[in-house]
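Breakdown of the fold
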Amino acid sequence: VNEKAPSTRTELKRHPERGTEDPAAIASILDEALIAHVAFVDEGAPTVVPMSFVRMGSRLFLHGSQRSRLSELARKDGLEVCVAVSLLDGLVLAASAMFHSMNYRSVVLYGRARHVTEPSEKQAALSALVDRFADGRSQIVRAPSEAELAATSVLVVPIDQASAKQRSGPPADPPSDRGRPAYSGVIPLALARGEAMASPYCREPAPAPAPALKLARLKTT
Ligand SMILES: Cc1cc2nc3c(=O)[nH]c(=O)nc-3n(C[C@H](O)[C@H](O)[C@H](O)COP(=O)(O)OP(=O)(O)OC[C@H]3O[C@@H](n4cnc5c(N)ncnc54)[C@H](O)[C@@H]3O)c2cc1C
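All of the points below concern the structure found in this document. What you see is a predicted model, and the numbers here were worked out from it, not measured in a lab.

1. Looking at the site of the ligand
Contacts to the ligand come from 16 residues, most closely from Arg9, Arg14, Ser106, Tyr110 and Lys165. The contact in question runs from a nitrogen atom of the ligand to an N or O atom on the side chain of Ser106, over 2.7 Å. Residue assignment for the shell around the ligand shows that the elements contributing at least two residues are strand S7 (101–115) and strand S9 (162–167). It is S7 that provides the largest number of residues to the shell around the ligand, a total of six residues. A breakdown of the residues in the shell around the ligand according to their chemical character gives seven nonpolar, four polar and five charged.

What follows is the structure, given as structure tokens:
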């Protein structure tokens, strides 16, 4: 898997001007996104699984069943993974087919995922994962039991071989294509919050907690 030296594999090739290895830029994308696509090789075949995740400092934490494939493969010496996280900001409609694009912010990171075995660290990662749903949520819900903790694996990946890339702005049509009759421009896209629906056995149906997420303001008109 690890054919390229760590220092060169995060180098962007196409549109390098859209990239950065600035830890703050990488952290801000990781903190806004909710889903990571985690890639690894199992018996020579590549696999990608979408997962929730949380960043704490310069480490990224994943969790799952102890019996999940990722967890099993990482058991002995850890597992080489590549994690991709992306935020879609808009559709870029150009005057010509080839210049259609997307506005986005994304991170690709490489590293070895290892099991977190220290109980307080494992607990902290699991709490941080729950707090991604709403600030302070881990403090007001039932904490995991010993059995639940034992059945759950937490994996940590260092964020030290990572790159961020982003595209923003209008289509990059060449002058010869401008002014064609088709619409050209950007259609912004964002994650939006819908109406909360309390569970039938919820004793405190309102107010629903504000999600600890960066969400678009829904336009009502
Ligand atoms: C929503 C979205 C849609 C996209 N659609 C397309 C598409 O249709 N076609 C296409 O060719 N590309 C698309 N891209 C860009 C794509 O992710 C790659 O950046 C691009 O293919 C360049 O690959 P490369 O061969 O230059 O670099 P590679 O050799 O593939 O990458 C070299 C290194 O650059 C870094 N890197 C590459 N891409 C990214 C990234 N997006 N974010 C952070 N680090 C990165 C990684 O560290 C990687 O190891 C899209 C990106 C996003 C987020």
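2. Some details on a nonpolar patch on the surface
A grouping of Leu88, Leu91, Met102, Tyr183, Ile187 and Leu189 is seen on the molecular surface, where their side chains present a nonpolar patch of about 520 Å² in accessible area. Its location among the elements puts Leu88 in strand S6 (residues 79–93).

3. Structural notes on unusual backbone geometry
Cis geometry is found at the peptide bond from Ala206 to Pro207, where omega equals -5°. Position of Pro207 among the secondary structure elements: in the segment after strand S10 (185–188). Non-glycine residue His15 carries a positive phi angle of around 50°. With respect to the helices and strands, His15 occurs in the loop between helix H1 (6–9) and strand S1 (19–20). Despite not being glycine, Glu43 shows a phi value in the positive range, around 50°. Along the polypeptide, Glu43 turns up in the loop between strand S2 (36–42) and strand S3 (45–51). Among the residues examined, Glu43 registers a relative accessible area of 81% and is labelled exposed.

Conventions we followed
Residues numbered from 1 in each chain as written. Predicted model: local features only at pLDDT ≥ 70, side-chain atom pairs only at ≥ 80, totals over all residues. Heavy atoms only, no water. Near = heavy atom within 4 Å. Polar contact = N/O pair within 3.5 Å; in protein donor to acceptor, adjacent residues only side chain to side chain. Helix = DSSP H or I, 4+ residues; strand = E, 2+ residues; numbered from the N terminus. Nonpolar A, V, L, I, M, F, W, Y, C, P; charged D, E, K, R; others polar. Patch = residues over 30% accessible without salt bridge, like charges linked within 9 Å, V, L, I, M, F, W, Y side chains within 5 Å. Areas by Shrake-Rupley, 256 points an atom, 1.4 Å probe, with all protein chains shown as cover. Salt bridge = Lys/Arg side-chain N within 4 Å of Asp/Glu carboxyl O. Buried < 20%, exposed > 50% of the residue type's maximum accessible area, 1.4 Å probe, protein only.

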